[in-house]
Amino acid sequence: MKPDIQCLRCIMSTRLREIEQVSLERNEKLTLSKEIAAKIIEQFNWNIELTDFASEVFKYLVSRAPEVAEYYRNVKRTLNKRALENIELHERYIVQLNSYAKFMYLVKLSAIGNLLDYGVADHKPLDETITPTIVEKYDVAVDDSYELYKKLISGGVKITWLFDNAGEAPYDLLLINEIRKMGNTVYGLVKDEPGFQNDISIEDAEYLNLSFYLDELKTYGCNCSTIHLNHISNEARSILEKSNMIIAKGMSHFEYLSEVNLGKPVFFILIPKCEPVARKIREDSRGKIVVLFKQR
């Protein structure tokens, strides 16, 4: 995805906010902030691929201040713990639901988990408990969930699941479990250490015992915000190649994969949290659930 002018402010604000959060001496924070700001201003232009640029800037910041990775490690532990404590509430609720109603509820729950995003300047991460009432009443802007359901209900589909934020992944697992019960195979891809922002990394995956809920789990093999095809490992590429469907959570995956032809269908599940992404989907989609089908 090519950048909007708002993307410059978003990346700048997010990186500077991260520096503010870490345990560096006051003058070190100022020096590093000026360095990062200068780097962003110098390299930002209309021709960059946005997710690749964001990845490189974050990777550079972590190389200069490993404390940023530790800050996010603590954030992710808190988010995952909170989500795990809330899972039973939804497990009890879905017992009363059947077939597509249960599937749609779990899709919406998975999407609402996408609000646990610390990487968007104008977005405040969700700080309230996600209840069944919130899920049932949450606005949906684009709904291709029945199309997804029809493709999965007969089983036999091999899916690569692209995870996004920590704290979101535990809700994803409820949907993944339902998809596997239909007779489908689900492979998972997560970020390498130290991860990207508060996205789930392999360390978080081990904490959540993710591999128990998946047929196979791998990392990207690169410190990327999404599955940049020119950077990922052969292992990650193999996962993509043997699947015949992609389910991609979150904005970074949409920003990249909406413009890349993988030769197989992609279902995006996200809540747009900025105007540039919302405009690319539908003008009124910001802050609402989007389940969007892309044929190739």
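Everything that follows concerns the structure shown earlier in this document.
Let me sum up the structure you'll find in this document. Small disclaimer: the values here were computed from a predicted structure and weren't measured. (Residues numbered from 1 in each chain as written. Predicted model: local features only at pLDDT ≥ 70, side-chain atom pairs only at ≥ 80, totals over all residues. Heavy atoms only, no water.)

## As for the overall build of the chain
Here's step 1: Along the chain, the regular secondary structure elements total twelve helices and seven strands.
Here's step 2: Relative to its length of 296 residues, the chain is compact, with a C-alpha radius of gyration of 18 Å against a globular reference of 19 Å.
Here's step 3: If you line up the chain on its principal axes, its C-alpha atoms span 60 × 40 × 35 Å.
Here's step 4: Across the 296 residues in the chain, those meeting the buried criterion constitute 57%.
Here's step 5: Counting only contacts in the chain whose residues sit at least 6 apart along the sequence, the fraction spanning at least 24 positions is 73%.
Here's step 6: For the chain, the computed accessible surface area is about 12,600 Å², with 48% contributed by carbon and sulfur atoms.
Here's step 7: Mean positive and mean negative side-chain charge positions of the chain (39 and 43 charges, respectively) differ by 2 Å. (Helix = DSSP H or I, 4+ residues; strand = E, 2+ residues; numbered from the N terminus. Rg over C-alpha atoms; globule rule 2.2 N^0.38 Å. Buried < 20%, exposed > 50% of the residue type's maximum accessible area, 1.4 Å probe, protein only. Contact = heavy atoms within 4.5 Å. Areas by Shrake-Rupley, 256 points an atom, 1.4 Å probe, with all protein chains shown as cover. Lys, Arg positive; Asp, Glu negative; His and termini not counted. Charge placed at Lys NZ, Arg CZ, Asp CG, Glu CD.)

## Quick notes on the environment of A101
Here's step 1: If you trace the backbone, A101 turns up in helix α5 (residues 99–112).
Here's step 2: In this structure the C-alpha to C-alpha distance between A101 and R17, which are 84 residues apart in sequence, comes to 40 Å.

## Side note on the packing of aromatic side chains
Here's step 1: Tallying each qualifying case throughout the model produces 14 aromatic pairs.
Here's step 2: Here the aromatic residues F58, Y71, Y72 and F196 are joined through ring pairs into a cluster of three or more.
Here's step 3: The positively charged end of K39 is found above the aromatic ring belonging to Y60, 4.4 Å away from the centroid.
Here's step 4: Across the ring face of Y187, the terminal group of K242 is positioned such that the distance to the ring centre comes to 4.7 Å. (Phe/Tyr/Trp six-rings, centres within 6.5 Å; stacked < 30°, edge-to-face > 60°. Lys NZ or Arg CZ within 6 Å of the ring centre and 35° of its normal.)

## Examining unusual backbone geometry
Here's step 1: Residue P194 is bonded to the preceding E193 through a cis peptide linkage, with omega at 5°.
Here's step 2: You can see P194 is positioned in the loop between β3 (185–190) and α9 (202–207).
Here's step 3: Of note in this structure, S99 is not a glycine but carries a positive phi near 50°.
Here's step 4: Relative to the assigned elements, S99 resides in helix α5.
Here's step 5: At N209, a residue that is not glycine, the phi angle is positive and equals roughly 55°.
Here's step 6: Topologically, N209 is positioned in the loop between α9 and β4 (216–219).

## Let's talk about the state of the cysteines
Where two cysteines share a covalent bond between their sulfur atoms, that bond is called a disulfide.
Here's step 1: Scanning all chains against the criterion turns up one disulfide.
Here's step 2: Between the sulfur atoms of C222 and its disulfide partner C224 the distance amounts to 2.2 Å. Handedness of the C222-C224 disulfide follows from its S-S torsion of about -140°: it is left-handed.
Here's step 3: Among the residues examined, C222 registers a relative accessible area of 12% and is labelled buried.
Here's step 4: With no disulfide partner, C7 has as its closest neighbouring cysteine sulfur the one in C274, 6.3 Å distant.
Here's step 5: The cysteine C10 is free of any disulfide, with C274 supplying the nearest cysteine sulfur at 6.4 Å.
Here's step 6: The exposure class assigned to C10 is buried, which follows from its relative accessible area of 18%. (Disulfide = S-S within 2.5 Å.)

## Some thoughts on the environment of S258
Here's step 1: One can find S258 in the loop between α11 (251–257) and β6 (266–270).
Here's step 2: Taking the C-alpha atoms as reference points, S258 and R296, 38 residues apart in sequence, are found 9.0 Å from one another.
Here's step 3: Among residues more than four places away in sequence, those in contact with S258 are H253, F268, K280 and K294.
Here's step 4: Among the polar contacts listed, one links the side chain of S258 to the backbone oxygen of F254, at a separation of 2.6 Å. (Polar contact = N/O pair within 3.5 Å; in protein donor to acceptor, adjacent residues only side chain to side chain.)

## Considering the packing of helix α3 (residues 50–64) against helix α4 (residues 67–94)
Here's step 1: For the pair α3 and α4, interaxial distance at closest approach is 6 Å and the crossing angle is 105°. In this view, α3 runs roughly perpendicular relative to α4, as classed from their interaxial angle. Contacts between α3 and α4 involve F58, L61 and V62 from the first element and V68, A69 and Y72 from the second. (Axes fitted to C-alpha atoms, helices over the stretch in contact; angles between N-to-C directions. Parallel < 35°, antiparallel > 145°, perpendicular 65-115°, else oblique.)

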